[in-house]
Amino acid sequence: VILEGRAAWVYGDDFDVDEIVGVENIRTFDIDHLRSVCMQSFTEGFVETIHPGDLLVAGRNFGYGHPHDQPMLVMREIGIAGVVAESFAPLFARTEIFNGFPLLACPGVSSVVRRWARLRVDWEEGRVTLVSSGQTLEGLRPAPEAVKQVRAGGGKNLLLQKLVSPS
Amino acid sequence: VATVACDIATVGATATEKILARASGLPSVKAGESVQATPDRIMVYDFPGFVDVLIHQLEDEFGIHQLTTPDRYVVFIDHLVTNGTAEESDLHRVTREWAARTGANLIDNEGIGHHVAAELGYALPGTFVVHFDAHVAGLGAFGTLGIGVHRQILEPWVTETIGLTVPGTVRIDLTGALAPHVDARDLLHTLIWRHGADGFLNHVVEFGGPGASSLGLGERQAVGGMIMFTGAMSALFEADDLVRTYIRSVSDAPISEAVSDADATYVDRIAVDLSTIEPLVVRPGSTNGAHTDSVTAVAGTQVSKGYIGSCASGRIEDIRAAAGLLAGHRVHPSFALTVVPTSNRIRHQAEREGLIEILERAGATVAGSSCDQCFGYARPLAEGEVCISTGTLNVRGRMGSPRSDIYMASAETVAASAIAGRIADPRQL
């Protein structure tokens, strides 16, 4: 899995992803509504600036708190392809990998990467390259089950392949 | 019922490694290994977008209409139960019908599932439980490894097994005892204050040592239930006679305790003297260390609502402590205090001990047991309201209006604040 895109936002430490849509919007699955509120408390017009394949960058413990589905649901919908963070809260990481969304833990990334920097991420190798400078950061390679889940487009697809239509 | 040592013959293994080895059918496992484990219980609570989706996926996408081991499944109805409307019954009807069809355990309105699980004997020492919600780690009070897996719950739901990486263990040796008017929530928030919101990231926190036995079961449950906010995957307390006596009162099942070997490999080992802990308050917005402070630093802050309840409080110890402070006092006229016993059994016990009468005479409202106030479904906060709460979360909007604020503290600090009408130090009452 190779990702290439710009750092659309750089979040700080212990970031509670529910803030992306606001806690008042964590019970709706209306994707148009979620698009309309995405990142509204951080910046104007975030959704319109995203190119498909763009990435999120964050500090330590990204996904802290009670992570709900809506924030990353809308991020995927607008074209965000993955997250590179210093580290991830375990519940957030488990659920988003199961949703087929690549997350890469890469110590040092949040101090090196500025917003809109272009990144190339070799997810399975755990490597991040800043395209402009060629600087490379070594992160943690994902666990084998995480690779299987992301390659299958999510844990549910993997289970369906195994249980419903064995190849 | 005989209590026997865990039958996994290993050396240098943590309790977590032993529990996951047994659940995976392996002689031993080590932190960092990938395993496919069979949880002793698969727990969920009925909430739109979760159990309705899981039932649909199980039956319509996976074609599974008969569970291999229905007794493994435990579904709690503890959310969205307080309005008594037809809408609520409709919401839970699908789940009730599915449980009746499949033979899955359905625990309907007996209180907060993360606590009721213990009362019904679903949390046995040395066993492994998964839930979509990470507060299930409170069952670590009984030596049960409870791991929250959010959307990955689909995997055990359809296969009765789950793939995971065996977590490492941080050992916390507790000494001393908590001072009067200091409780387990203060211990939990102290751990975050001292070690950060990612202090124990991805690990299981194992509590032991002489101080651990000074904590009541409810206090241990509160610490475990909130351990996710230290970054940890779960928490385990070493079983002691208090746990054994309790377990024998709720279950006839054979018990196989898992205890870390003396030469177990820990990621880290930390000593905490319980007598050094003081009452803490967590400011609105996040549970992290930057938001945590001594009660003396925030005392005097105006608050208008108080909530004692949730899976991380509301137990008999909390109700006794709150009643102890409120006896002979009145809740401040500008303040509304609600106490929600964590389960029906706890409410019955509080009634027998005369605590409900003390609380109500002091002006508090005692509500039926449920999760509903913690997430703003029952008695939501209005715009501009400021609440001091023993709930699990203080992000803006959690308990109602996105323009309300939530401070978090222990049951005693909430009770003291209720009397004062502002945040107050329970030691100074």
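Details of the structure are given in the entry above.
Only a predicted model underlies this, so the values are computations on that prediction, with no experimental measurement involved.

Engineer: In this structure, what is going on with the sheet that holds strand S11 (residues 234-237) of chain B? I would like to understand it.
Structural biologist: In a beta sheet, neighbouring strands are held together by backbone hydrogen bonds and run either parallel or antiparallel to one another. All names here are of chain B. Spatial strand order, S11-S10-S9-S13: 4 strands in an open sheet with parallel pairing. Bordering the open sheet on either side are S11 and strand S13 (268-273), each of which pairs with just one other strand. On average, each strand axis in the sheet is tilted by 20 degrees relative to the strand beside it, whichever way the strands run. Taken together, the 4 bridges between strand S10 (residues 204-208) and S11 define a ladder with parallel strand orientation. Across the sheet, the residue bridging to Val205 is Ala235, located in S11. In the packing of helix H1 (residues 15-24) onto the sheet, contacts are made with strand S9 (169-175), S10 and S11, and the angle to S11 comes to roughly 105 degrees.

Engineer: So what exactly am I meant to see when it comes to the nonpolar core here?
Structural biologist: Here is a general trend for soluble globular proteins: nonpolar side chains tend to be buried in one another's company. In terms of nonpolar packing, the biggest core is built from 89 residues, with Phe62(A) and Met75(A) touching the most fellow members. When sequence neighbours within four positions are dropped, the list of residues in contact with Met75(A) reads Tyr11(A), Ile20(A), Cys38(A), Met39(A), Phe46(A), Leu56(A) and Ile80(A). Within the second largest apolar cluster, 66 residues are counted, among which are Leu159(A), Met43(B), Met233(B) and Leu236(B).

Engineer: Is there a simple way to think about the packing of aromatic side chains in this case?
Structural biologist: In this description, a pair of aromatic rings is defined by centroid distance and the angle of the planes. One pass over the full model with this rule turns up 22 aromatic pairs over all chains. Taking the centre distance of 5.9 Å and the plane angle of 80 degrees together, the rings of Tyr64(A) and Phe229(B) count as edge-to-face. One end of the pair, Tyr64(A), is in the loop between strand S2 (55-58) and helix H3 (70-78); the other, Phe229(B), is in the loop between helix H7 (217-225) and S11, on a second chain. Like Tyr64(A), the residue Phe229(B) is buried in the burial classification. Residues Tyr45(B) and Phe47(B) carry aromatic rings whose centres are separated by 6.4 Å and whose planes lie at 80 degrees to one another, so their mutual orientation is edge-to-face. Accessibility classification places Tyr45(B) together with Phe47(B) in one group, the buried group. Taken together, the aromatic side chains of Trp9(A), Tyr11(A), Phe15(A), Phe42(A), Phe46(A), Phe62(A), Phe88(A) and Phe92(A) make up a single cluster linked through ring pairs. The side chain of Arg76(A) reaches across the aromatic face of Phe101(A), ending 4.9 Å from its centre.

Cut-offs used in this document
- Residues numbered from 1 in each chain as written.
- Chains lettered and ligands numbered in written order.
- Predicted model: local features only at pLDDT ≥ 70, side-chain atom pairs only at ≥ 80, totals over all residues.
- Heavy atoms only, no water.
- Pairing = 2+ DSSP bridges.
- Helix = DSSP H or I, 4+ residues; strand = E, 2+ residues; numbered from the N terminus.
- Axes fitted to C-alpha atoms, helices over the stretch in contact; angles between N-to-C directions.
- Contact = heavy atoms within 4.5 Å.
- Core = buried A, V, L, I, M, F, W, Y, C linked by side-chain atoms within 4.5 Å.
- Buried < 20%, exposed > 50% of the residue type's maximum accessible area, 1.4 Å probe, protein only.
- Phe/Tyr/Trp six-rings, centres within 6.5 Å; stacked < 30°, edge-to-face > 60°.
- Lys NZ or Arg CZ within 6 Å of the ring centre and 35° of its normal.

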